[in-house]
Amino acid sequence: SSTIKETIRPRRGISEIPTFDMTSLAFITCLPPAQSRDTTTIRRLRRISTHPWSLYNSKTTPIRHTIIHMSANPSSKPPPTPDQKQSQSQSQSQKPKTSSGFRLLEKSAAFGVLVRTAKYIWHTFWLVMMNELAPSSKSTGEYVRPKSQFRYQIECASGQNPEPKFPAQTGRYKVYVGKACPWCHRVLITIALLGLNDVIEVVLLEPSDSGVWKLAQPTEKEKDIKDVYRNAVPDYVGRCTAPVLVDVVRNEIVCNESADIVRNLVRLGRAPFVPGKEEASNSNSNSNRQGGGLWTLVVCEETEDASNWEELIQTTVNNGVYKAGFSRNQAAYDKAIDFLFSTLDQIERKLSTSRYILGNQVSVADIFLFPTLFRLDAVYALIFKVTQKSISNSEHYPNLQQWMRDMYQLPGVAETCDLQATLNNYFTALFPLNPSGIVPRVQTVDLLRPHERATRFRE
């Protein structure tokens, strides 16, 4: 029974033990002395819990009154048996463990202090990280992309310049690229479309935990992108970015600006003389290149219209998604979003009248645009908050969606695309924008579906 009543032999004036609840007694005896004014009584109650017969001594009266006053309902449940305790322990062990924190939500004042302190510390730390990762204008809060330090050109020998510093030659150049990077992606697409795989060496890079590109196949002299820069320029001070084009013969960096590297590759592909080839080299034929007939798709001439489109796409689309994601304030973000989708609307209208941006031939403008649109819905919409419209929604951009399929299905382009590597890179490397490091599952445009652009825009 939960209530124990027992009559004992009278001893020193005490004839009967009062009715009391053992559960209440156990609780009382566990209280610290500081919670009771009668510390002597509490100490005695603790002793009673293990030695009940010590109750009967000359100083029992106050204890007896205390028990009567604090006794619980006699109908309370008895203490669990050993078997019941074991059953309860097993059921508790099967429950999922949760992290309840400091339970500050139950203390409104403490929670408010925590929120204000955390917001201040996190915002300050975020600004420090963002200033290192993505410098911005102090006056407007807009992201400002750092200028590339190496911007030399590959040139063909001519009467005015018979011995250019960086001549167009097979096997002379090496380019370092990572598939996860959109700026590297445009370089890989150019090499694929021009069939330059046997003309220039491609060295693949991978992201690392330190935030520095590392070589997928490191060598004794080169393990990461920093080694590439330092081997070419021992006293180099600055950012070690990819892609980077290196002259192996001179051991110098030719260029680390992706737009210029693409144009250099076009010049390399147009070179009238390529050492190492057989004597059909004085023609502009591409029969010596892996790309075969793809070379005829690329518009080589730099017209004013082509330059304008390249600049517009580079500034408002390629760099525009970064301006949105790295904005320091709402006004800078809104401005970047307005420019981005205004340009995409303009391209959508352009692609309703031609297969590609500059007509029925792939141009540098198309090469610039594809890497960004390939990442727009899956990456930039989530991490850079670029959500106003979607390429995967055919109601928003039907022509751009079909154009993406057209570009992706050109020979060699699909092999340059690695969406999973891109997701892993962005959502784990950009710590200030995604502190959890969780990589989302995404839906993208089915780029393997047939398109009708080839038949729709026949010459």
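Heads up: these notes are all about the structure in this document. (Residues numbered from 1 in each chain as written. Predicted model: local features only at pLDDT ≥ 70, side-chain atom pairs only at ≥ 80, totals over all residues. Heavy atoms only, no water.)

## Overview of the overall build of the protein
Alright, step 1. When helices and strands are tallied, the protein shows 15 helices and nine strands.
Alright, step 2. For the protein, the proportion of its 459 residues judged to be buried stands at 42%.
Alright, step 3. Of the contacts formed within the protein by residues at least 6 apart in sequence, a portion of 66% connects residues at least 24 apart.
Alright, step 4. Put simply, the protein shows about 26000 Å² of open surface, and 52% of that area lies on carbon and sulfur atoms. (Helix = DSSP H or I, 4+ residues; strand = E, 2+ residues; numbered from the N terminus. Buried < 20%, exposed > 50% of the residue type's maximum accessible area, 1.4 Å probe, protein only. Contact = heavy atoms within 4.5 Å. Areas by Shrake-Rupley, 256 points an atom, 1.4 Å probe, with all protein chains shown as cover.)

## Here's the deal with the pattern of salt bridges
Alright, step 1. Applying the stated criterion across every chain, the model contains nine salt bridges.
Alright, step 2. A salt bridge links glutamate 252 to arginine 250, with the nearest nitrogen and oxygen atoms 3.3 Å apart.
Alright, step 3. A relative accessible area of 37% places arginine 250 in the partly exposed class.
Alright, step 4. As a salt-bridge pair, arginine 355 and aspartate 406 come within 2.7 Å of each other at their nearest N and O atoms. On the criterion of sequence distance, the pair formed by arginine 355 in the loop between α11 (330–350) and α12 (364–383) and aspartate 406 in helix α13 (residues 398–408) is long-range, its members being 51 residues apart. For the pair arginine 355 and aspartate 406, a shared accessibility class is recorded, and that class is buried. (Salt bridge = Lys/Arg side-chain N within 4 Å of Asp/Glu carboxyl O.)

## What to know about α11
Alright, step 1. With 21 residues, α11 should reach 30 Å at 1.5 Å per residue; the first-to-last C-alpha distance of 30 Å fits that figure.
Alright, step 2. Within the sequence span of α11, burial applies to Ala332, Tyr333, Ala336, Ile337, Leu340, Phe341, Thr343, Leu344, Ile347 and Glu348. All buried residues of α11 project into a common sector of 155° when viewed along the axis, lining one side. Exposed side chains of α11 directed beyond 90 degrees from the buried face belong to Ala331 and Arg349. (Expected span 1.5 Å × (residues − 1). Arc of directions from axis to C-beta.)

## With respect to the packing of helix α6 (residues 182–194) against helix α8 (residues 258–270)
If you want to describe how two helices pack, look at the angle between their axes and the distance between the axes.
Alright, step 1. At a closest axis distance of 9 Å, the pairing of α6 and α8 adopts a crossing angle of 10°. Taken together, the axis directions place α6 and α8 in an arrangement best described as roughly parallel. Residues Trp183, Arg186, Val187, Thr190, Ile191 and Leu194 of α6 form the contact with α8, whose participating residues are Ser258, Ala259, Ile261, Val262, Leu265 and Val266.
Alright, step 2. Taken together, the residues that form the contact of α6 with α8 break down as nine nonpolar, two polar and one charged. (Axes fitted to C-alpha atoms, helices over the stretch in contact; angles between N-to-C directions. Parallel < 35°, antiparallel > 145°, perpendicular 65-115°, else oblique. Nonpolar A, V, L, I, M, F, W, Y, C, P; charged D, E, K, R; others polar.)

## Structural notes on the side chain of aspartate 366
Alright, step 1. Looking at the secondary structure, you find aspartate 366 in helix α12.
Alright, step 2. Among buried charged residues, aspartate 366 stands out as having no salt bridge; its nearest opposite-charge side chain is arginine 453, 7.9 Å away.
Alright, step 3. A polar contact of 3.1 Å, which involves the side chain of aspartate 366, links it to the side chain of tryptophan 403.
Alright, step 4. Aside from chain neighbours lying at most four places away, what touches aspartate 366 is Tyr356, Ile357, Gln361, Trp403 and Met407. (Lys, Arg positive; Asp, Glu negative; His and termini not counted. Polar contact = N/O pair within 3.5 Å; in protein donor to acceptor, adjacent residues only side chain to side chain.)

## Regarding the environment of methionine 407
Alright, step 1. Relative to the helices and strands, methionine 407 is located in helix α13.
Alright, step 2. A relative accessible area of 0% places methionine 407 in the buried class.
Alright, step 3. Put simply, methionine 407 and tyrosine 356 are 51 residues apart on the chain and 9.0 Å apart in space, counted from C-alpha to C-alpha.
Alright, step 4. Look past the residues within four positions of methionine 407 in its chain and what remains in contact with it is Tyr356, Val362, Asp366, Phe370 and Val413.

## Remarks on the side chain of asparagine 256
Alright, step 1. Relative to the elements of secondary structure, asparagine 256 occurs in the loop between β9 (252–255) and α8.
Alright, step 2. With relative accessibility at 5%, the residue asparagine 256 sits in the buried group.
Alright, step 3. Here the side chain of asparagine 256 touches tyrosine 229 through a polar contact of 3.3 Å, side chain to side chain.
Alright, step 4. If we skip the residues at most four places from it in the chain, asparagine 256 touches Ser148, Gln149, Phe150, Tyr229, Thr241, Pro243, Val244 and Ile261.

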